[in-house]
Amino acid sequence: MHTRLTLTQGDITQQTVDAVVNAANSSLLGGGGVDGAIHRRGGPEILAECRALRASRYGRGLPTGQAVATTAGRLPARWVIHTVGPVHSATEDRSDLLASCYAQALRTAAELGARTVAFPAISTGVYRWPIADAARTAVATVRATVATTPEAFDEIRFVVFDDRSHAAYQTALAEH
Ligand code: AR6
């Protein structure tokens with residue numbers, strides 16, 4: 001099966017998919033941006049599972065570049081996959097951690113049997129990653145991951161908020 005990579009401009013909390021990826025922070029206890037929107041619309045069930053994960057497996061928080069799933073609560077999805085992007089730094093290139101977010105989220109999705117997955121532009125808001133570079137990393141990592149698991153996914157959807165991000169993803173998707 002061929003996995004489609006698609007691009008949508010809109011609100012990630014309104015995507016009808018199997019799994020929605022959250023641009024979380026390591027506390028797993030919510031924040032602004034995508035994280036705030038997911039908890040607001042998804043309801044308290046998501047936070048309750050996040051708290052349980054903190055109490056069991058992630059007492060020190062979810063490390064940057066890793067991913068973990070919870071229920072999607074009231075969102076039109078089955079799961080939320082929380083991942084922690086790196087904060088952009090001018091002195092240290094942590095593109096490897098940004099790529100890891102996409103690879104680990106997809107690995108988690110495949111384990112769950114999620115065939116459609118929606119990704120926000122991880123790290124490009126509060127964490128200040130330049131959108132053109134983040135879009136290239138996102139697209140290249142998703143392409144490489146789905147190439148190794150061609151049967152796992154039907155659609156990977158990149159969901160962006162603004163025109164600039166949309167243009168950056170269009171450019172990245174047009175590159176080979
Ligand atoms: N749907 C789609 N995209 C969105 C939405 C939405 N509802 N809301 C924002 N964006 P951010 P980060 C875009 O800041 O940079 C939180 O406080 C936004 O325009 O959500 O990884 C967490 O708790 C931007 O392009 O995530 C962490 O502390 C992109 O989504 C921290 O922010 C990501 O912006 C994570 O920062």
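Residues numbered from 1 in each chain as written. Predicted model: local features only at pLDDT ≥ 70, side-chain atom pairs only at ≥ 80, totals over all residues.

Colleague: Is there a simple way to explain the overall build of the chain in this structure?
Modeller: Assigned secondary structure in the chain consists of five helices and six strands. When the helices and strands of the chain are placed in sequence order, the string is β-β-α-α-β-β-α-β-α-β-α. C-alpha atoms of the chain, sized along the principal axes, occupy 45 × 40 × 30 Å. Considering the chain as a whole, with its 176 residues, one finds that 42% of them fall into the buried category. When contacts within the chain are restricted to residue pairs at least 6 apart in sequence, long-range pairs at least 24 apart make up 72% of them. (Helix = DSSP H or I, 4+ residues; strand = E, 2+ residues; numbered from the N terminus. Buried ≥ 20, exposed ≤ 12 C-beta atoms within 10 Å, placed from the backbone. Contact = placed C-beta atoms within 7 Å.)

Colleague: Please clarify how the environment of Arg143 should be interpreted in this entry.
Modeller: Tracing the backbone shows Arg143 in helix H4 (residues 131-148). Looking at Arg143, the number of C-beta atoms within 10 Å reads 16, which means it is partly exposed. Separated by 140 residues in sequence, Arg143 and Thr3 have C-alpha atoms that sit 9.0 Å apart.

Colleague: I keep staring at the site of the ligand and nothing clicks. Help me out?
Modeller: In the vicinity of the ligand, 25 residues are found, and the nearest of them are Ala23, Asn25, Gly31, Gly33 and Gly125. Elements represented by at least two residues in the shell around the ligand include exactly strand S2 (19-24) and helix H1 (33-42). Here the element with the most residues in the shell around the ligand is H1; it accounts for four residues. Tallied by class, the residues present in the shell around the ligand amount to 12 nonpolar, 10 polar and three charged. (Near = placed C-beta within 6 Å. Nonpolar A, V, L, I, M, F, W, Y, C, P; charged D, E, K, R; others polar.)

Colleague: Before we go on, may I ask you to explain the nonpolar core in this structure?
Modeller: Soluble globular proteins: nonpolar side chains tend toward being buried together. Judged by nonpolar contacts, the single largest core of 51 residues is most densely connected at Ala19, Val20, Val80 and Val117. For this core, the element with the highest residue contribution is H4, accounting for seven residues. Leave out the neighbours within four places in its chain, and Val80 touches Val20, Asn22, Ile38, Gly42, Ile46, Ala69, Thr70, Ala72 and Leu75. (Core = buried A, V, L, I, M, F, W, Y, C linked by C-beta atoms within 7 Å.)

Colleague: Where do I start with the sheet that holds strand S4 (residues 79-84) in this structure?
Modeller: Through backbone hydrogen bonds, the strands of a sheet pair up, either in parallel or in antiparallel fashion. Spatially, S1-S6-S5-S2-S4-S3 is the arrangement adopted by the six strands of the open sheet, whose pairing is mixed. Of all the strands in the sheet, just strand S1 (4-9) and strand S3 (67-71) have a single pairing partner and so form its edges. The average angle at which neighbouring strand axes cross in this sheet is 25°, direction not considered. With four bridges joining them, strand S5 (residues 116-119) and strand S6 (residues 155-160) adopt parallel strand pairing. For Phe119, the partnering residue across the bridge sits in S6 and is Phe158. Packing of helix H5 (residues 163-174) onto the sheet brings it into contact with S1 and S6, and relative to S1 it is tilted by some 165°. (Pairing = 2+ DSSP bridges. Axes fitted to C-alpha atoms, helices over the stretch in contact; angles between N-to-C directions.)

Colleague: What should I look at first to understand the packing of helix H3 (residues 95-112) against H4 in this one?
Modeller: In helix packing, the relevant descriptors are the interaxial angle and the interaxial distance, both defined with respect to the helix axes. It is at 9 Å that the axes of H3 and H4 come closest, and there the two elements cross at 40°. On the basis of their axis angle, the class for H3 and H4 is oblique. As H3 runs across H4, the sense of the crossing is right-handed. Within the contact between the two elements, H3 uses Ser95, Leu98, Ala99, Tyr102, Ala103 and Leu106 and H4 uses Ala134, Thr137, Ala138, Thr141, Val142 and Thr145. Class assignment for the residues of the contact of H3 with H4 results in eight nonpolar, four polar and no charged. (Parallel < 35°, antiparallel > 145°, perpendicular 65-115°, else oblique. Left-handed = near helix turned anticlockwise from the far one by under 90°.)

Colleague: Is there a simple way to explain the environment of Val68 in this structure?
Modeller: With respect to the helices, strands and loops of the structure, Val68 is situated in strand S3. Judged by local crowding, Val68 falls into the buried class, with 21 C-beta atoms found within 10 Å. Once residues within four sequence positions are removed from consideration, Val68 is found in contact with Leu53, Leu62, His82 and Thr108.

Colleague: Whenever I open this one, the confidence of the model for the chain confuses me. Can you help?
Modeller: Fine structural detail should not be taken from predicted coordinates in areas where pLDDT scores are low. Averaged over every residue, the pLDDT of the chain is 97; residues scoring 70 or more account for 99%. Interface predicted TM-score (ipTM) for the complex: 0.99; the corresponding pTM is 0.98. (pLDDT = per-residue confidence, 0-100.)

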